[in-house]
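A look at the structure
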Amino acid sequence: MKFFTSPRTPNPRRVAMFMAEKGLSGIEQVSIDLLSGAHRSAEYLQKNPFGRLPALELDDGRVLCETRAICTWLEGYAPEPNLMGDGFDERAFIEMTDRRVELHLFLGIANCVRHTHPGLAVLEQPQFADFGASQGEKMRDTARWLDGVLATQPFVAGQRFTIADITAFCALEFGRGLMKFRPGAEGMEHLQAWRDRIAERPSAAAPY
């Protein structure tokens, strides 16, 4: 298998962290330079016509794209430890939480960064600074909700570590670097404490 990734990008980091939690260390990584436009090369577009990362090329030559789909495949390929739910009931509630985090925290941070950071202008044309700023504020509404959730339970989706924690952690780390967002500095002490605990997991340092 080949894992197509790019440094400092949050979606590939989600998959890399997921793989690390599964103990899948033997998958070849192929780095794609976004800033140079390598994701728009004819060679890469044959693998993913949308020119997005990450992508996972399977041993039979098929290419699986979209972060959640890749993780779903990996969950079946390496079932333990379980990260997406055991049985329909737990799977549904973990997916609900993961989607909430992805749509309202992760995408808010991504939109804010892509539309306000000058270094990403090459990837986002045109940039809409007002939209980016508003996304940064809306993201904070979700962060405050999540802070309240984590005041009552140890992990994002409940009592154990799941894919929802990976999505939330990679979102916060992306915002930490390019938005300078620190939950603790904005009164979200539970979210900050959770982030600091997750950062201590070996998978948080997984290369990608």
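These lines cover the structure that appears in this document, whether it is placed above or below. The shown structure was predicted, so the numbers you read here are calculated from the model rather than taken from an experiment.

What follows is about the packing of helix α4 (residues 88–116) against helix α6 (residues 163–178). The interhelical angle for the contact between α4 and α6, taken along N-to-C directions, is 10 degrees, at an axis separation of 9 Å. Classified by the angle between their axes, α4 and α6 sit roughly parallel to one another. The two elements α4 and α6 cross, and the hand of that crossing is left-handed. Residues I94, T97, D98, V101, E102, L105, F106, I109, A110 and V113 of α4 pack against I163, A164, T167, A168, A171, L172, F174, G175 and L178 of α6. Among the residues forming the contact of α4 with α6, the class breakdown is 14 nonpolar, three polar and two charged.

A few words on the environment of N48. Within the element layout of this structure, N48 appears in the loop between α2 (42–47) and β3 (55–57). A C-alpha to C-alpha distance of 17 Å links N48 and E28, two positions 20 residues apart in sequence. Within the structure, the side chain of N48 is placed 2.9 Å from the backbone oxygen of R52, a separation counted as a polar contact.

Right, let's talk about the nonpolar core for a bit. The biggest cluster of nonpolar side chains holds 48 residues, and the ones touching the most others in it are L105 and W194. Contributing elements (two or more residues each) for this core: α1 (10–22), α3 (67–77), α4, α5 (129–149), α6 and α7 (189–199). Among the elements that take part in this core, α6 stands out by supplying nine residues, more than any other. By size, the runner-up hydrophobic cluster in this structure holds seven residues, among which are F4, L34, L53 and C65.

Analysis parameters
- Residues numbered from 1 in each chain as written.
- Predicted model: local features only at pLDDT ≥ 70, side-chain atom pairs only at ≥ 80, totals over all residues.
- Heavy atoms only, no water.
- Axes fitted to C-alpha atoms, helices over the stretch in contact; angles between N-to-C directions.
- Helix = DSSP H or I, 4+ residues; strand = E, 2+ residues; numbered from the N terminus.
- Parallel < 35°, antiparallel > 145°, perpendicular 65-115°, else oblique.
- Left-handed = near helix turned anticlockwise from the far one by under 90°.
- Contact = heavy atoms within 4.5 Å.
- Nonpolar A, V, L, I, M, F, W, Y, C, P; charged D, E, K, R; others polar.
- Polar contact = N/O pair within 3.5 Å; in protein donor to acceptor, adjacent residues only side chain to side chain.
- Core = buried A, V, L, I, M, F, W, Y, C linked by side-chain atoms within 4.5 Å.
- Buried < 20%, exposed > 50% of the residue type's maximum accessible area, 1.4 Å probe, protein only.

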